[in-house]
Amino acid sequence: EYLPPEVFLPAVGQGALGIEVRDGDRDAIGTVSVLNHLPTWRAITAERTFLRALGGGCRAPIAALGCVTGSVLELRGMVADASDGTILRASLVDDAENPEGVGLGLAQKMLEMGAGELIRRAGMR
């Protein structure tokens, strides 16, 4: 079944490929750096910043999806409470060259909506 992002957001970073190399290994860094897709890197950076700013980890009821179109980054976020079915959703559109700012901005917006309480309740279970 196709789950559209308007209904179902994935966990942060889903579908992105990560490659690690030894710190300082210039040959390996040079070899794999050509694989970096800048729009994807920006989207994932915004998603991870959003998650970190909310204080969530891989088990927190937090989802996000970043999408870069040209010079614009749209980040959609969701925080849920499975015990009572509460779902908070929000999005933020801004400059793709500032993915950290987009992630922080959306996290702040969702905290103002009450996301912090949902995350705290989920951590108590």
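> Describe the confidence of the model for the protein, listing the residues and the values that go with them.
Per-residue pLDDT for the protein averages 92, and the proportion of residues at 70 or more is 98%. Ranking the elements of the protein by mean pLDDT puts helix α4 (residues 115-124) last, at 83, and helix α3 (residues 99-112) first, at 98.

> Explain the environment of Leu 38 to me, and be specific about the residues and the numbers.
You can see Leu 38 is positioned in helix α2 (residues 38-54). Each C-alpha atom, one on Leu 38 and one on Val 68, is 9.4 Å from the other, the two residues being 30 residues apart in sequence.

> Outline the pattern of salt bridges, supporting the account with residue identities and numerical values.
Here the structure, examined in full by the defined rule, presents six salt bridges. A salt bridge links Arg 76 to Glu 74; its shortest N-O distance comes to 3.4 Å. The class for Arg 76 is partly exposed, based on a relative accessible area of 23%. Among the ionic pairs, Asp 81 bridges to Arg 121, the shortest N-O distance being 2.7 Å. Taken together, the positions of Asp 81 in strand β2 (residues 72-81) and Arg 121 in helix α4 put the pair 40 residues apart, joining distant regions of the chain. If you follow the salt bridges from partner to partner, you end up with Glu 6, Glu 74 and Arg 76 in one network.

The rules we used
Residues numbered from 1 in each chain as written. Predicted model: local features only at pLDDT ≥ 70, side-chain atom pairs only at ≥ 80, totals over all residues. Heavy atoms only, no water. pLDDT = per-residue confidence, 0-100. Helix = DSSP H or I, 4+ residues; strand = E, 2+ residues; numbered from the N terminus. Salt bridge = Lys/Arg side-chain N within 4 Å of Asp/Glu carboxyl O. Buried < 20%, exposed > 50% of the residue type's maximum accessible area, 1.4 Å probe, protein only.

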